[in-house]
Amino acid sequence: MILFVFEGERREPAFFRTIEELYFKGADSIICSYGNNIYNLFKEMSESDFQMDIALILHEKWAGTN
């Protein structure tokens, strides 16, 4: 399984779908939009010395916006 994290919610995932057809056809992948500057995600992870699971950070962000 491959996790792809993008900043934007529309353009990057749409662009990735084209790449996916060419290079990752049949791969089990998850696409997630952070919805913010990707450096903020890095900062949040570095504050926990990279011990926090990236999937948990993304889930918490997503759950807080819905």
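Everything below is about the structure printed above this text.
Thresholds applied
Residues numbered from 1 in each chain as written. Predicted model: local features only at pLDDT ≥ 70, side-chain atom pairs only at ≥ 80, totals over all residues. Heavy atoms only, no water. Helix = DSSP H or I, 4+ residues; strand = E, 2+ residues; numbered from the N terminus. Buried < 20%, exposed > 50% of the residue type's maximum accessible area, 1.4 Å probe, protein only. Contact = heavy atoms within 4.5 Å. Areas by Shrake-Rupley, 256 points an atom, 1.4 Å probe, with all protein chains shown as cover. Lys, Arg positive; Asp, Glu negative; His and termini not counted. Charge placed at Lys NZ, Arg CZ, Asp CG, Glu CD. Polar contact = N/O pair within 3.5 Å; in protein donor to acceptor, adjacent residues only side chain to side chain. Pairing = 2+ DSSP bridges. Right-handed = clockwise from strand over helix to strand, strands pointing away. Core = buried A, V, L, I, M, F, W, Y, C linked by side-chain atoms within 4.5 Å.

Points about the overall build of the protein
(1) Moving on: Within the protein one finds three helices and two strands.
(2) Moving on: Traced from its N-terminal end to its C-terminal end, the protein shows the element sequence β-α-β-α-α.
(3) Moving on: Within the protein, the fraction of its 66 residues that count as buried is 20%.
(4) Moving on: Restricting to contacts in the protein with at least 6 residues of sequence separation, those with at least 24 account for 60%.
(5) Moving on: Approximately 5,200 Å² of the protein is accessible, and the part contributed by carbon and sulfur atoms is 54%.
(6) Moving on: For the protein, the distance from the average position of its 6 positive side-chain charges to the average position of its 11 negative side-chain charges is 9 Å.

Some words on helix α2 (residues 38-47)
(1) Moving on: With a side-chain oxygen positioned 2.7 Å from the backbone nitrogen of Tyr 39, the residue opening α2 is Asn 37.
(2) Moving on: Looking at the residues trailing α2, positive phi occurs at Asp 49, about 55°.

Digging into unusual backbone geometry
Leaving glycine aside, a negative phi is the common case for residues, and trans is the common case for peptide bonds.
(1) Moving on: Positive phi is not limited to glycine here, since Asp 49 has a value of about 55°.
(2) Moving on: With respect to the helices, strands and loops of the structure, Asp 49 is situated in the loop between α2 and α3 (54-65).
(3) Moving on: Despite not being glycine, Phe 50 shows a phi value in the positive range, around 60°.
(4) Moving on: With respect to the helices and strands, the residue Phe 50 is situated in the loop between α2 and α3.

A look at the pairing of strand β2 (residues 29-33)
(1) Moving on: Pairing of strand β1 (residues 2-6) with β2, which is carried by five bridges, proceeds in the parallel orientation. Looking across to β2, one finds that Phe 6 is bridged to Ser 33.
(2) Moving on: Handedness of the β1-helix α1 (residues 11-23)-β2 crossover: right-handed.

Here we look at the nonpolar core
(1) Moving on: Residues Cys 32, Tyr 34, Leu 41, Met 45, Ile 57 and Leu 58 constitute the largest nonpolar core, which totals six residues.
(2) Moving on: Going through the elements one at a time, α2 and α3 are the ones with two or more residues in this core.
(3) Moving on: In this structure, Leu 41 is in contact with Val 5, Tyr 34, Ile 54, Ile 57 and Leu 58, ignoring residues within four places of it in sequence.

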